[in-house]
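Single-letter residue listing:
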Amino acid sequence: MRSILSRSLSAAFCLAAFGGASAQDSAPEWYVQGAATAKQNLSTVRGRPAKNVILFIGDGMGISTVTAARILEGQQHGATGEENRLSFEQFPWTALSKTYSVDGQTPDSAPTMTAMMSGVKTNQGLIGVDQATVYNDCASGQGHEVVSLLELAESAGLATGIISTARITHATPAATYAHTANRNWESDANLTEEALANGCHDIARQLIEFPFGDGLEVALGGGRGMFLPETATDPEDAGRHGSRKDGRDLTAEWVADYPGSAFVWNRAQFDAINPTQTRHLLGLFERSHMEYELDRANDTGGEPSIAEMTAKAIQMLSQDRDGYFLMVEGGRIDHAHHEGNAARALNDAIALSDAVRVATDMTDENDTLIIVSADHSHVFTIAGYPDRGNPILGLVREGGELAHDQGGLPYTTLGYANGPGYRNQDVRPELTDEIVADTDFLQEATVPMGSETHAAEDVGIYARGPGSQAFHGVLEQNVIYHVMAQSAAKIRAGVCGRDFWCRLLGMADITQMPDYGWLRGQLD
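I will try to describe carefully the structure that is included in this document. (Residues numbered from 1 in each chain as written. Predicted model: local features only at pLDDT ≥ 70, side-chain atom pairs only at ≥ 80, totals over all residues. Heavy atoms only, no water.)

Looking now at the overall build of the chain. When you go through the chain residue by residue, the secondary structure sums to 19 helices and 17 strands. Over its C-alpha trace the chain gives a radius of gyration of 23 Å, about what one expects of a compact globule, namely 24 Å for 524 residues. For the chain, the C-alpha atoms occupy an extent of roughly 75 × 55 × 45 Å along the three principal directions. Out of the 524 residues in the chain, the part that is buried amounts to 59%. Put simply, 71% of the contacts in the chain that link residues at least 6 apart link residues at least 24 apart. Roughly 19700 Å² of accessible area belongs to the chain as shown, and the carbon and sulfur atoms make up 49% of that amount. In the chain, 37 side chains carry a positive charge and 69 a negative one; their mean positions are 8 Å apart. (Helix = DSSP H or I, 4+ residues; strand = E, 2+ residues; numbered from the N terminus. Rg over C-alpha atoms; globule rule 2.2 N^0.38 Å. Buried < 20%, exposed > 50% of the residue type's maximum accessible area, 1.4 Å probe, protein only. Contact = heavy atoms within 4.5 Å. Areas by Shrake-Rupley, 256 points an atom, 1.4 Å probe, with all protein chains shown as cover. Lys, Arg positive; Asp, Glu negative; His and termini not counted. Charge placed at Lys NZ, Arg CZ, Asp CG, Glu CD.)

Take a look at the structure:
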């Protein structure tokens, strides 16, 4: 057995030395390479392991978004802005994350979050299944499921929770608990005939029927329509209905299946939840995605902020003496960028920073690993030579005077390489301070597109707590999973599965990747 482990370790470090896996490599090779990198980076770390792990994801929160949000937050507090730091920028350990997928130079959120949650990279559009799966082909994914960190945490007896300002069935939160050949199979209404014939379940159903441990303790976000039958009237949006064709009300099933559980859909119900008495909380505050932070106050039913949801989740999860895993996504940063609307994207990034601040205030750095990162970036730019303190959402001023293009027209600091903000490039609009100050203003884009696109550059990783020292340099995105798995003692033991020597020698990081079929088999 020791010789096998030795060969695995040698192979892992060879992969790491030559830049990691390529598109031709298999899921086990991705796993071994990522595990080896994490082990090497953690080799000099001393101290007790993490009891709790919190992963914050700013969807689409690339480096330019972090920079612009930092400046905007500072300016909102009356400063020039550039000297400001968001809450997570004060963390002691940072790294860069390489976000490409197995088959994509610029990724979508499905393979990137699968990498962070399961330790392997996969193809575009796939969630919780490896690269052998064919997109939109249910049968091809069966037997190719990959185990998520949340599944390991629940199997190990930890409490678990997920939060998103997007639909809770959207790609990023879904990758914590679901396995699907198409990220869009959020409701049974979205399943193809082939998927139905071969027994694939939609993402909402997978959340409610989650088989590991005692189920998720907390699930908060949007996407109510994916859980209600098409015959059910939405409780908030008059005249609108659920989407499910199977007639099931999954919110009612949550309450019926879990003792001490609750379902809430508005702010008043959320505020009334006692975190010490509620064991399982499902909150779905919108039929689709939750409101942008700038629009949240005008919501009909009322919505909690991402910071308030984070606080409630930590209060609930911390009741478990064994510890917890929590994932929090600022999902609408991405959506605002796709719309070419920097004001909403940046304010949602600031709201995520507020949530991180809440988590740092409520937890102990000695037993809680907190990681903040992004799944991918956007083609979002900060341009010109604006003066120090120039409004980040405003027109460029140099030496106090408006800067102009070759045609004598002013322009904004922020822009997009493509997107719906395209104007006729031969006759640019004559922008004014009043026009660009409107929260609905779309920054100019170079290439006309109905939806702005993701970008391929690396994104930041910011960390504090046990194991955070592993985050330095430039890392493959799937290494994030391995650092979490190796830094939390109970999760690390779960990675070993049935491997006796792995448990005995503490070699979970270099043995074969966890077997999803075996893990499911332990439930029988």
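Structure's up, so let's keep going.
With that out of the way, let us pick up the sheet that holds strand S10 (residues 380-382). Read from one edge to the other, the open sheet built from three strands follows the order S10-S13-S14, with strand pairing classed as mixed. The sheet is open, and its two borders are formed by S10 and strand S14 (445-448), each paired with just one other strand. Neighbour-to-neighbour, the strand axes of the sheet open up by a mean angle of 20 degrees, direction not taken into account. Relative to the sheet, helix H3 (residues 63-76) contacts S10 and strand S13 (414-419), its axis offset from that of S10 by approximately 50 degrees. (Pairing = 2+ DSSP bridges. Axes fitted to C-alpha atoms, helices over the stretch in contact; angles between N-to-C directions.)

The next point concerns the pattern of salt bridges. By the definition in use, this model includes 28 salt bridges. For Arg244, the salt bridge is made with Asp202, and the minimal N-O distance between the two is 2.9 Å. Within this pair, whereas Arg244 is found in the loop between strand S4 (218-222) and helix H10 (250-257), its partner Asp202 is found in the loop between helix H8 (193-197) and helix H9 (203-208), the two being separated by 42 residues in sequence. With relative accessibility at 0%, the residue Arg244 sits in the buried group. Residue classification places Asp202 among the buried positions, given a relative accessible area of 2%. Residue Lys490 pairs with Asp322 through a salt bridge whose shortest N-O separation is 3.9 Å. Taken as a pair, Lys490 in helix H17 (residues 489-496) and Asp322 in the loop between helix H12 (306-317) and strand S7 (324-330) lie far apart in primary sequence, 168 residues in all. Taken together, the shared-partner salt bridges in this structure form one network comprising Asp188, Asp202, Arg244 and Asp246. (Salt bridge = Lys/Arg side-chain N within 4 Å of Asp/Glu carboxyl O.)

Here H3 crosses helix H14 (residues 342-362) at 80 degrees, and the two axes come no closer than 9 Å. In terms of orientation, H3 and H14 fall into the roughly perpendicular class. Mapping the contact onto sequence places Thr65, Ala68, Ala69, Leu72, Glu73 and Gln76 in H3 and Leu346, Asn347, Ala349, Ile350, Ser353, Asp354 and Arg357 in H14. Class assignment of the residues belonging to the contact of H3 with H14 gives a composition of six nonpolar, four polar and three charged. (Parallel < 35°, antiparallel > 145°, perpendicular 65-115°, else oblique. Nonpolar A, V, L, I, M, F, W, Y, C, P; charged D, E, K, R; others polar.)

We now examine unusual backbone geometry. Positive phi outside glycine occurs at Asn136, with the angle close to 70 degrees. Its place among the elements puts Asn136 in the loop between helix H4 (109-118) and helix H5 (138-141). Overall, Asn136 belongs to the partly exposed group, its relative accessible area being 33%.

This brings us to the state of the cysteines. According to the stated counting rule, one finds one disulfide in the structure shown. The disulfide bridge from Cys138 ends at Cys200, spanning 1.9 Å between sulfur atoms. On the sign convention where negative is left-handed, the bridge of Cys138 and Cys200, at about 95 degrees about the S-S bond, is right-handed. Of this pair, Cys138 sits in helix H5 while Cys200 sits in the loop between H8 and H9, placing them 62 residues apart in sequence. Just as Cys138 is buried, Cys200 falls in that class too. (Disulfide = S-S within 2.5 Å.)

This part is about the packing of aromatic side chains. For the structure shown, the criterion picks out eight aromatic pairs. Residues Phe270 and Phe285 carry aromatic rings whose centres are separated by 5.9 Å and whose planes lie at 80 degrees to one another, so their mutual orientation is edge-to-face. On the criterion of sequence distance, the pair formed by Phe270 in helix H11 (residues 267-272) and Phe285 in the loop between strand S6 (280-284) and H12 is long-range, its members being 15 residues apart. On the basis of relative accessible area, Phe270 is assigned to the buried category, the value being 3%. (Phe/Tyr/Trp six-rings, centres within 6.5 Å; stacked < 30°, edge-to-face > 60°.)

Bringing the sheet that holds strand S17 (residues 474-476) into the picture now. If you walk across this open sheet you meet the ten strands as S5-S6-S4-S3-S7-S1-S8-S16-S2-S17, and the pairing is mixed. Looking at the sheet topology across the chains shown, the edges are occupied by strand S5 (261-264) and S17. Averaged over all pairs of adjacent strands, the angle between strand axes in this sheet comes to 15 degrees, irrespective of strand direction. In the packing of H10 onto the sheet, the strands contacted are S5 and S6, and the crossing angle to S5 comes to about 160 degrees.

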